[in-house]
Amino acid sequence: MKSVNKWFISLGFSVLHAIALSVGIYCFLDVFSGFLVAAVFDEPLLANYPRYVPFCIVVGLLALIAFILICWLNTKLFKKHSFTKPMLVVEAIVTLALTVPLVMVWADFFAYLHKIF
């Protein structure tokens, strides 16, 4: 496999990692902060948002499963096509750099869903 194709595959995996990781992080933070606020102010979170909280938990768990599957597939391809360690380092850096802006995008999307549900 050509070196350019390996870099595109690596960057593609970093985008997939960032998407799954950012959805999982946002869902975890949203549910955790909701339960924390509900505990401090003694408000029932599930009574106020009966469909949103389970939806967010399910989406977060699916994001975790997707992240694990993407990592497994990434490992298989790295072994099969003998990718280099610098490619893995670049992939990790790009993943971390994309995760924070994608969390902001998911925050806007889930705020919209929060109004609907």
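Residues numbered from 1 in each chain as written. Predicted model: local features only at pLDDT ≥ 70, side-chain atom pairs only at ≥ 80, totals over all residues. Heavy atoms only, no water.

Undergrad: Describe the overall build of the protein, and please don't skip the residues or the numbers.
TA: When its secondary structure is counted, the protein shows four helices and zero strands. Secondary structure of the protein in N-to-C order comes out as α-α-α-α. Taken over C-alpha atoms, the radius of gyration comes to 18 Å for the protein, far larger than the 13 Å a tight globule of 117 residues would show. Principal-axis analysis of the C-alpha atoms places the extent of the protein at approximately 55 × 25 × 20 Å. (Helix = DSSP H or I, 4+ residues; strand = E, 2+ residues; numbered from the N terminus. Rg over C-alpha atoms; globule rule 2.2 N^0.38 Å.)

Undergrad: Talk me through the side chain of T99; I want residue IDs and the actual numbers.
TA: Structurally, T99 can be placed in helix α4 (residues 85–116). Filtering out sequence-adjacent residues up to four positions away, T99 remains in contact with A18, L21, S22 and I25. (Contact = heavy atoms within 4.5 Å.)

Undergrad: So what about the nonpolar core? Which residues, and what values?
TA: Residues V23, Y26, C27, V31, Y52, C56, A63, V103, F110 and L113 constitute the largest nonpolar core, which totals ten residues. Ranked by the residues each element gives to this core, the list is headed by helix α1 (residues 3–41), at four residues. In contact with V31, not counting residues within four places along its chain, are L45, V53, C56 and I57. (Core = buried A, V, L, I, M, F, W, Y, C linked by side-chain atoms within 4.5 Å. Buried < 20%, exposed > 50% of the residue type's maximum accessible area, 1.4 Å probe, protein only.)

Undergrad: Now, about helix α3 (residues 52–80): what can you tell me, with residues and values included?
TA: Relative to the 42 Å expected for 29 residues at 1.5 Å per residue, α3 spans 41 Å between its end C-alpha atoms, a close match to the ideal helical length. All of the buried residues in α3 are Y52, V53, C56, G60, A63, I70, N74 and F78. Looking one or two places after α3, you find S82, whose phi comes out positive at around 50°. (Expected span 1.5 Å × (residues − 1).)

Undergrad: Lay out the packing of aromatic side chains with the relevant residues and their values.
TA: The description of two aromatic rings rests on the distance between their centres and on the angle between their planes. Here the structure, examined in full by the defined rule, presents seven aromatic pairs. Taken together, a centroid distance of 5.9 Å and an interplanar angle of 75° make the contact between W106 and F109 edge-to-face. One end of the pair is W106 and the other is F109, both in helix α4 and three residues apart, which spans about a single turn. Residue classification places W106 among the partly exposed positions, given a relative accessible area of 22%. Judged by its relative accessible area of 40%, F109 falls in the partly exposed class. With a centroid separation of 5.9 Å and an interplanar angle of 90°, the aromatic rings of F109 and F110 are classed as edge-to-face. Linked through ring pairs, Y26, F55, W106, F109 and F110 together constitute an aromatic cluster. (Phe/Tyr/Trp six-rings, centres within 6.5 Å; stacked < 30°, edge-to-face > 60°.)

Undergrad: Residue-level account of the environment of A97, with values.
TA: Structurally, A97 can be placed in helix α4. Between the alpha carbons of A97 and F55 there is a distance of 27 Å; along the sequence they are 42 residues apart.

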